[in-house]
Amino acid sequence: MRFVLKSLLANLDVSLVSGDSCYPTGSPFDPPELYPEYPHKQRSTDPANHVYKLVRDSFRLLGMDKGNFGRPEWNPLGELISRGQRVLIKPNFVLHYNAGPGPLEAVITHPSVIRAVCDYVIIALADDGELVIGDAPQMNCDFASLCQTSGMNTLASFLESACALRGISLRLVDFRKEQTRYKHGIVWERKPLNNGGSIQVCLDKSSSMDEIDGRLLYGADYSRRETVQAHEAHRHEYVVAREVLSSDVVISVAKLKVHRKVGATLNLKNMVGINTDKNHLAHYRVGSKANGGDEFSDPGWADRAERMLSDILLGRWWPYGKYPFLGWRAFRKALGSFAGSSRPTFSYGNWHGNDTAWRMVLDLNRILLFAGPDGRLQNEPARRYFSVIDGVIGGEGEGPLHPTAFPSGIVLAGFNPVAVDWLAARLMGFDAFRIPLYRHALDQMREFVPGFAIEQIRPLSNVPRLKTIMTTRDVVFNFRASAGWRGHIELEQPLPESQPVEAAVGMISQ
């Protein structure tokens, strides 16, 4: 069995399926036609649902259960999933709204992609097993609102009923321990959540965080002490959802989107959502590089003052500290208006000099692949892994929370997260070698798969041009990086700035 798990991770085939760049609007997002393998007794269709076909074709291009394609017996995920197993589908459900001017569709994994993946999981489980759809979104995400707005609630109800008829249990889970409400840009209220349980996982010296000074770490919520304690004395502790570590198979259903702290959020960054306590996640080190930090690119006195006041006033120990902190914010804003100046630096680790966040991301991927049900690291993979990336409408600009929609009409799939992400970044117009997360992910993956090399990645596509994407420098899409990364990660031959998105999309069908 362990040999099978490792051999699947060594499969570097990646499918890229191109189609229409629009999502269906009617949940539960039925398929456009009744395919021979369709598993449900309910026989309704949605001819406008082109996304279902993109996912189906991504499995076909990978040659999954090739001999049975087009027949009722076709079971593409059968080589990953067996009857009676627990399968976790991990989407990107980061926030219930777009914090910028763009649509929610550019922020989250669309449920229509999840529907198609779920149907093939149900086929593979046959008449026994468990399917969990779960994530730990950002602290201030209203999970119920996200599910209602996106159609995920209706989809989950449909799938729950359909699974029950087959002896399969299905649950939609918010993994977080706590939800917060923001006001005036800071945490205002907290609400504990019943998330189903967590398991502590300590990476010790195998952590990518082990070579940096943990005394400067900043997590997600002002309480720096918690983050520092989680990573002191070579401990490097994370708190992972029990459902993740008890799963036999994990399917990452990620989003094709840029990210302010790590450059791009694809499969690797998607696994941040398996950790249930956000203050175990180190996002940056406070201060400037001159002082051992990576929070600011070039901090002024006001940046340094705000960092000091944040540490003093916004910790959990003093609930009223937010009021003087807001007074400081008002003073700073008034001073800036009077001086006629704007903030001169990239802050909060939102720039290409962030040397912390990628380490946390790689730690969580190590845990995902090698931590057993008890949280202890094993020498061999603990579960099978598969990836589907929703790029039907991607997110460019100030992702992950403020992205502008980029309609690319693409779904990617594969067995190795680094291979799929590398190809996805390449598709977006980025040079993955210039992104620390992916550059260091190569070294980590070589630990897991000896001889791993990006030259072995094999793109499979319904578009001839995309089959050669790894051997040319041509830009397919020109995703706009976030401001702190712009000009540092793009391929050497970008499209002209005046090139419209529609023209870039049209190029792949030529």
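*Asks:* How should the overall build of the protein chain be read in this particular structure?
*Replies:* Summing up its helical and strand segments, the protein chain has 14 helices and 16 strands in all. The C-alpha atoms of the protein chain give a radius of gyration of 22 Å, which matches the 24 Å a tight globule of 510 residues would have. Taking the principal axes of the C-alpha coordinates as reference, the protein chain spans close to 70 × 50 × 45 Å. The buried share of the protein chain, taken over its 510 residues, is 61%. Partitioning the intrachain contacts of the protein chain with sequence separation of at least 6 by distance along the chain shows that 75% fall at a separation of at least 24. As displayed, the protein chain has an accessible area near 19500 Å², and 51% of this comes from carbon and sulfur atoms. Where the 58 positive side-chain charges of the protein chain centre and where its 55 negative ones centre are 2 Å apart.

*Asks:* Help me understand helix H13 (residues 436-448) in this model?
*Replies:* For the α-helix, the turn length of 3.6 residues means that residues three or four positions removed from each other point alike. For H13, built from 13 residues, the straight-helix expectation of 18 Å at 1.5 Å per residue is met to within 8% by its first-to-last C-alpha distance of 19 Å. Along H13, the helix axis deviates most sharply at Leu 442, where the bend reaches about 25°. Among the residues making up H13, those that are buried are Pro 436, Leu 437, Tyr 438, Ala 441, Leu 442, Gln 444, Met 445 and Phe 448.

*Asks:* What is the right way to read unusual backbone geometry from this model?
*Replies:* Only a minority of non-glycine residues have a phi that is not negative, and only a minority of peptide bonds are not trans. Between Ser 27 and Pro 28 the backbone carries a cis peptide bond, its omega angle lying at 20°. When you line up the elements, Pro 28 lands in the loop between strand E1 (13-18) and helix H2 (50-61). Between Gly 399 and the following residue, Pro 400, the backbone shows a cis peptide bond with an omega angle of 15°. Secondary-structure assignment places Pro 400 in the loop between strand E13 (384-398) and strand E14 (402-406).

*Asks:* I keep staring at the layout of surface pockets and nothing clicks. Help me out?
*Replies:* Empty pockets left among the atoms are what a rolling probe the size of a water molecule brings to light. Taken as a whole, the largest pocket spans an internal volume of roughly 1200 Å³. Together, 48 residues line the largest pocket, and Gln 138, Tyr 182, Ala 220, Lys 261 and Leu 401 are the ones closest to its centre. For the lining of the largest pocket, the secondary structure elements donating two or more residues are strand E10 (249-259), helix H8 (267-270), helix H9 (301-313) and helix H10 (322-339). No other element matches H9, which puts 4 residues into the lining of the largest pocket.

*Asks:* How do you make sense of the side chain of Lys 261 when you look at a structure like this?
*Replies:* Of note, Lys 261 is situated in the loop between E10 and strand E11 (263-265). Buried charged residue Lys 261 carries no salt bridge. Nearest counter-charge: Glu 295, at 9.2 Å. Among the polar contacts listed, one links the side chain of Lys 261 to the backbone oxygen of Tyr 348, at a separation of 3.1 Å.

*Asks:* I keep staring at the packing of aromatic side chains and nothing clicks. Help me out?
*Replies:* The way to describe two aromatic rings as a pair is by their centre distance and the angle between their planes. Overall, the coordinates contain 14 aromatic pairs when judged by the stated rule. Each ring, one from Phe 386 and one from Phe 415, has its centre 5.1 Å from the other, and the planes form 70°; the classification is edge-to-face. Of the two residues, Phe 386 is situated in strand E13 and Phe 415 in the loop between strand E15 (410-414) and helix H12 (417-428); the sequence distance between them amounts to 29 residues. Measuring from ring centre to ring centre gives 6.3 Å for Phe 477 and Phe 479, while their planes differ by 70°; the resulting arrangement is edge-to-face. Neither Phe 477 nor Phe 479 differs from the other in exposure class; each is buried. Members of the aromatic cluster, joined through ring pairs, are Tyr 35, Tyr 52, Phe 59, Phe 69, Trp 74, Tyr 120, Phe 386 and Phe 415. The ring of Tyr 35 has Arg 56 sitting right over it, with the charged end atom 3.9 Å from the ring centre. Taking the ring centre of Phe 69 as reference, the NZ or CZ of Arg 60 above it sits at 6.0 Å.

*Asks:* It is not clear to me how the environment of Asn 365 should be interpreted in this structure. Could you clarify?
*Replies:* Counting through the fold element by element, Asn 365 comes out in helix H11 (residues 357-370). Considered as a pair, Asn 365 and Met 271 are 94 residues apart in the sequence and their alpha carbons are 6.4 Å apart. When near neighbours in sequence (up to four residues on either side) are disregarded, Asn 365 contacts Asn 267, Leu 268, Met 271 and Gln 444. Here the side chain of Asn 365 touches Val 361 through a polar contact of 2.9 Å, landing on its backbone oxygen.

*Asks:* Help me understand the packing of H12 against H13 in this model?
*Replies:* Each pair of packed helices gets described by two things: the angle between the helix axes and the distance between those axes. Interaxial distance between H12 and H13 falls to 10 Å at its minimum, and their mutual angle equals 155°. Comparing the axis directions of H12 and H13 gives the class roughly antiparallel. At the point where H12 passes H13, the crossing takes the left-handed sense. Packed against H12, whose contacting residues are Pro 417, Val 418, Asp 421 and Trp 422, the element H13 presents Tyr 438, Arg 439, Ala 441, Leu 442 and Met 445 at the interface.

*Asks:* Looking at this structure, how should I read the pattern of salt bridges?
*Replies:* Here the idea is simple: oppositely charged side chains can pair when their charged atoms come close. A complete count under the given rule lists 29 salt bridges for this structure. A salt bridge links Asp 57 to Lys 53, with the shortest nitrogen-to-oxygen separation between them at 2.7 Å. Placement of both Asp 57 and Lys 53 in helix H2 is noted, with a separation of 4 residues, approximately one turn of the helix. The partly exposed category is assigned to Lys 53, whose relative accessible area is 40%. Between Arg 190 and Glu 178 there is a salt bridge, with the nearest N and O atoms lying 3.3 Å from each other. Highlighted residues: Arg 190 in strand E6 (residues 186-192) and Glu 178 in strand E5 (residues 178-183), separated in sequence by 12 residues. When its relative accessible area of 33% is taken as the criterion, Arg 190 is described as partly exposed.

Scoring rules and cut-offs
Residue indices follow the written sequence of each chain, beginning from 1 at its first position. Residues qualify for local features only when their pLDDT is at least 70, as the model is predicted, and side-chain atom pairs are given and counted only at 80 or more; totals for whole chains, interfaces and linings, by contrast, use all residues. Only hydrogens and water are removed before side-chain values are computed, so all heavy atoms of the structure are retained for them. Numbered from the N terminus, helices here are DSSP runs of H or I no shorter than four residues, and strands are runs of E no shorter than two. Two things to know: the radius of gyration comes from C-alpha atoms, and the globule rule equals 2.2 Å times the number of residues to the power 0.38. The rule is simple: take the accessible area with a 1.4 Å probe, protein chains only, and divide by the maximum for that residue type; under 20% is buried, over 50% is exposed, in between is partly exposed. Should any heavy atoms of two residues lie within 4.5 Å, those residues are counted as being in contact. Surface exposure here means Shrake-Rupley accessible area, sampled with a 1.4 Å probe, where a residue is shielded only by the protein chains that are shown. We score Asp and Glu as negative and Lys and Arg as positive, and we do not count His or the chain ends. A single reference atom marks each charge: NZ on Lys, CZ on Arg, CG on Asp, CD on Glu. For a helix, the expected span equals 1.5 Å multiplied by the residue count minus one. Note that bend, as reported per residue, equals the angle between axes fitted to the 7 residues terminating at that residue and the 7 residues originating from it. Space inside and on the surface of the protein is sampled on a 1 Å grid over the protein atoms alone, with a cavity defined as a set of points where a 1.4 Å probe fits but cannot get out and a pocket as an open set with protein on both sides within 12 Å along at least 5 of 7 lines; lining residues have an atom within 4 Å of a point. Grid points are joined across faces, edges and corners, and a volume is the space filled by probe spheres set on the points. Within this document, salt bridges are pairs made up of a side-chain nitrogen of Lys or Arg and a carboxyl oxygen of Asp or Glu, the two lying within 4 Å of each other. Counting of polar contacts relies on pairs of N or O atoms within 3.5 Å, with two restrictions inside protein: one atom must be capable of donating a hydrogen and the other of accepting it, and residues adjacent in sequence are counted only when both atoms are side-chain atoms. Aromatic rings from Phe, Tyr and Trp, taking only the six-membered ring of Trp, are treated as a pair when their centres fall within 6.5 Å; an angle between ring planes under 30 degrees marks them as stacked, one over 60 as edge-to-face, and anything in between as tilted. Only Lys NZ and Arg CZ are tested; either one counts as a charge over a ring when it is within 6 Å of the ring centre and within 35 degrees of the ring normal. In this analysis, axes come from line fits to C-alpha atoms, helices being fitted only over the stretch in contact, and the angle between any two N-to-C directions falls in the range 0 to 180 degrees. Convention used here: angles under 35 degrees read as roughly parallel, angles over 145 as roughly antiparallel, angles from 65 to 115 as roughly perpendicular, and any remaining angle as oblique. When the near helix sits turned anticlockwise from the far one by under a right angle, the crossing is termed left-handed; a clockwise turn instead gives a right-handed crossing.

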